[in-house]
Amino acid sequence: MEKAPTEVKTPINRSLFDRKTVTKSVRLPAKDVDSFVKTFRGFLLNRERRSNVLKCADDENCRLVVLAPGAGVPPEVQAWLGERESTRLEDYEILEGYDDLQYDVILKQLLPPDVIVPHGFETIGDVALLNLRDTQLAHKNLIGQVILDRTPMLRTVVMKAEALSNQFRTPELEVIAGGTSLETVHNEGKCAFALDVGRVYWNSRLQNERDRILKLLPTKAVLADMFCGIGPLAIRAAKKGIRVLANDLNPACYEYLKKNASANKVEDHLIPYCLDAGAFLDLISTTDIPPEYRPFTHVYMNLPGDAIEFLYVFQGLRKKAPEVWATAELPLIMVYGFDAGETSDACAANLNARIKRVLRDYD
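Residues numbered from 1 in each chain as written. Predicted model: local features only at pLDDT ≥ 70, side-chain atom pairs only at ≥ 80, totals over all residues. Heavy atoms only, no water.

### Some thoughts on the state of the cysteines
For clarity, the cut-off: Criterion for a disulfide: a pair of cysteine sulfur atoms within 2.5 Å. Burial status follows relative accessibility: with a 1.4 Å probe on protein chains alone, a residue under 20% of its type maximum counts as buried, one over 50% as exposed, and anything between as partly exposed.
Enumeration over the complete set of coordinates arrives at one disulfide. Residue Cys56 pairs covalently with Cys62 via a disulfide, S to S 2.1 Å. The chirality of the disulfide connecting Cys56 with Cys62 is left-handed, given an S-S dihedral of about -45 degrees. For Cys56, a relative accessible area of 7% puts it in the buried group. Cys191 takes part in no disulfide bond, and the closest cysteine sulfur, belonging to Cys228, lies 14 Å away.

Structure, rendered in structure tokens:
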């Protein structure tokens, strides 16, 4: 049986990008370098990963300071040289190639003129996630390979093959460059999160919102995270000392949630669940959980497509579990939703109308 490939690689003729540029350098005593660089910084070579101060091959007490190409020798530098006998100008060759260029510069040269160069991508650990346009799909492997080559932190580049449409919000992905394993570790908020980007949902752009919520949560809070994924908010909250009841219906998320809770040493502040959101809420509203976790004070429902429809589980909460809620303050519910309203006021009105259809007593 033929083994599946462990790497996707597209050959690129790197010699296409080789170029030589001749500029000037100033040969001067090593003791004068700091003063020269400070005075003429704006006239010096400024290239990523290239020093503009070099040792002279024939004199350890001498240095070459490379000037920026294309502008000649500025009059200020010429005047400085004229005042010193121990300095002189020398030609200097700058050899550059594929490894000196940004990925967008390379792709602009390699792609057909009518194909837009992708700008920006989501990074999850050492995996890059691209959304490519139809016109870019024929060049997907080339695009992926260049991005992989010119982004040192990356191991794999994938593209979304279709929009999120399944029960667990996991994307259909295709590896277009690099290693075929989609398991990685992503760092956020001083926590490390192991995940497989093909089996669980993750959105790096939600970090700012998670940061905002964490600032709102008091240390004595008890948080119920109903759609927690692999635990980006739940584990960071537990790291803050908050007790967390964390749930996700996706078994893969549940396994990574437990793994990440252990890796981040928050198992004593977090209880993981793999239940339907309604069943989860029914369970944690009773006395069937440890006393230090009841009653929960805050609820986080970040499943914008469906979260509002789950608000029904809070209806009549005091009657469902009077032994817990008879005298307790009802929890603060943070629920998210999508809406296509043209203004923020229109969106708010539409979302409120949806909530009222689910929660009869909502005002």
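### Considering the sheet that holds strand E2 (residues 19–29)
Cut-off, in case you're wondering: Two strands pair if DSSP finds at least two bridges between them. Secondary structure follows DSSP: runs of H or I at least 4 residues long count as helices, runs of E at least 2 residues long count as strands, and numbering of each begins at the N terminus. Orientation is described by lines fitted to C-alpha atoms, with helices fitted over the stretch in contact, and by angles between N-to-C directions that extend from 0 to 180 degrees.
Strand order in the open sheet made by the four strands is E3-E4-E2-E5, with antiparallel pairing throughout. With partners counted over all chains shown, the strands left at the sheet margins are strand E3 (53–56) and strand E5 (88–96), one partner each. Taken pair by pair, the neighbouring strands of this sheet meet at an average axis angle of 40 degrees, ignoring direction. When E2 meets E5, the two strands line up antiparallel, connected through nine bridges.

### Considering the sheet that holds strand E16 (residues 332–335)
Strand order in the open sheet made by the five strands is E14-E13-E12-E15-E16, with parallel pairing throughout. The strands lining the two open edges of the sheet, one partner per strand, are strand E14 (270–273) and E16. Across the sheet, the mean angle separating the axes of adjacent strands is 15 degrees when strand polarity is ignored. Pairing geometry for strand E12 (residues 222–225) and strand E13 (residues 243–247), over four bridges, is parallel. In the strand pairing of E13, Val222 is matched with Arg243.

### A word on the pairing of strand E4 (residues 59–66)
Regular strands place their side chains on alternate faces of the sheet. The sheet contact formed by E2 and E4 spans five bridges and is antiparallel. Counterpart to Arg27 in the pairing with E4 is Leu64. When E3 meets E4, the two strands line up antiparallel, connected through four bridges. Looking at E4, one finds that Lys55 is bridged to Arg63. Hairpin remark: E3 followed by E4, antiparallel, with two residues in the connecting loop.

### Description of the packing of aromatic side chains
Heads up, the rule is: Whether two aromatic rings pair depends on their centres lying within 6.5 Å, for rings of Phe, Tyr and Trp, where Trp uses its six-membered ring; planes under 30 degrees apart make the pair stacked, over 60 edge-to-face, and the rest tilted. Here, over-ring charges are defined by two tests on the NZ atom of lysine or the CZ atom of arginine: distance to the ring centre within 6 Å, and angle to the ring normal within 35 degrees.
Inspection of the entire model under this criterion finds 11 aromatic pairs. Geometrically, the ring pair formed by Phe36 and Phe40 is tilted, given 4.9 Å between the ring centres and 50 degrees between the ring planes. Judged on exposure class, the residue Phe36 and its partner Phe40 are both buried. Taken together, Phe36, Phe40, Phe43 and Trp80 form an aromatic cluster joined through their ring pairs. Sitting over the face of the ring of Tyr293, Arg243 holds its NZ or CZ atom 5.5 Å from the ring centroid.

### A closer look at the environment of Asn208
The topology assignment puts Asn208 in helix H5 (residues 207–216). For Asn208, a relative accessible area of 61% puts it in the exposed group. When the C-alpha positions of Asn208 and Val22 are compared, they lie 46 Å apart, and in sequence the two are 186 residues distant.

### Brief notes about the side chain of Glu90
Keep this limit in mind: In protein, a polar contact requires one atom able to donate a hydrogen and another able to accept it; more generally it is a pair of N or O atoms within 3.5 Å, and residues adjacent in sequence count only if both atoms are side-chain atoms. Every residue pair with non-hydrogen atoms within 4.5 Å of one another is taken to be in contact.
With respect to the helices, strands and loops of the structure, Glu90 is situated in strand E5. One polar contact links Glu90 to Arg27, side chain to side chain, over a distance of 3.4 Å. Within the local environment of Glu90, its side chain forms a polar contact with the side chain of Arg88, the two groups lying 3.0 Å apart. Those residues in contact with Glu90 that sit more than four places away from it in its chain are Thr23, Lys24, Ser25, Arg27 and Leu64.

### Considerations on the packing of helix H3 (residues 103–110) against helix H4 (residues 140–149)
In a packed pair of helices, the relevant descriptors are the angle between the two axes and the axis-to-axis distance. Put simply, the rule reads: To sort the angles, those under 35 degrees are grouped as roughly parallel, those over 145 as roughly antiparallel, those from 65 to 115 as roughly perpendicular, and the leftovers as oblique. Crossing handedness is read from the near helix: turned anticlockwise from the far helix by less than a right angle, it gives a left-handed crossing, and turned clockwise, a right-handed one. Think of it as three bins: nonpolar holds Ala, Val, Leu, Ile, Met, Phe, Trp, Tyr, Cys and Pro, charged holds Asp, Glu, Lys and Arg, and polar takes everything else, Gly as well.
Where H3 contacts H4, the two axes come as close as 9 Å, and the packing angle between them is 150 degrees. Considering their axes alone, H3 and H4 lie roughly antiparallel with respect to each other. Between H3 and H4 lies a crossing whose hand is right-handed. Contacts between H3 and H4 involve Tyr103, Ile106, Leu107 and Leu110 from the first element and Leu142, Ile143, Val146 and Ile147 from the second. Among the residues making up the contact of H3 with H4, the classes are represented as eight nonpolar, no polar and no charged.

### Focus: the environment of Tyr300
Among the secondary structure elements, Tyr300 is positioned in strand E15 (residues 298–301). Sequence separation of Tyr300 and Tyr336 is 36 residues, and the distance between their C-alpha atoms is 8.7 Å. A polar side-chain atom of Tyr300 sits 2.9 Å from a polar atom in the side chain of Asn302.

### Overview of the side chain of Arg354
Within the secondary structure, Arg354 is located in helix H11 (residues 344–358). Overall, the relative accessible area of 16% leaves Arg354 in the buried class. Polar side-chain contacts of Arg354 include one of 3.2 Å to the backbone oxygen of Phe338. Each residue touching Arg354, except ones within four places of it in the same chain, is listed here: Gly305, Ile308, Glu309 and Phe338.

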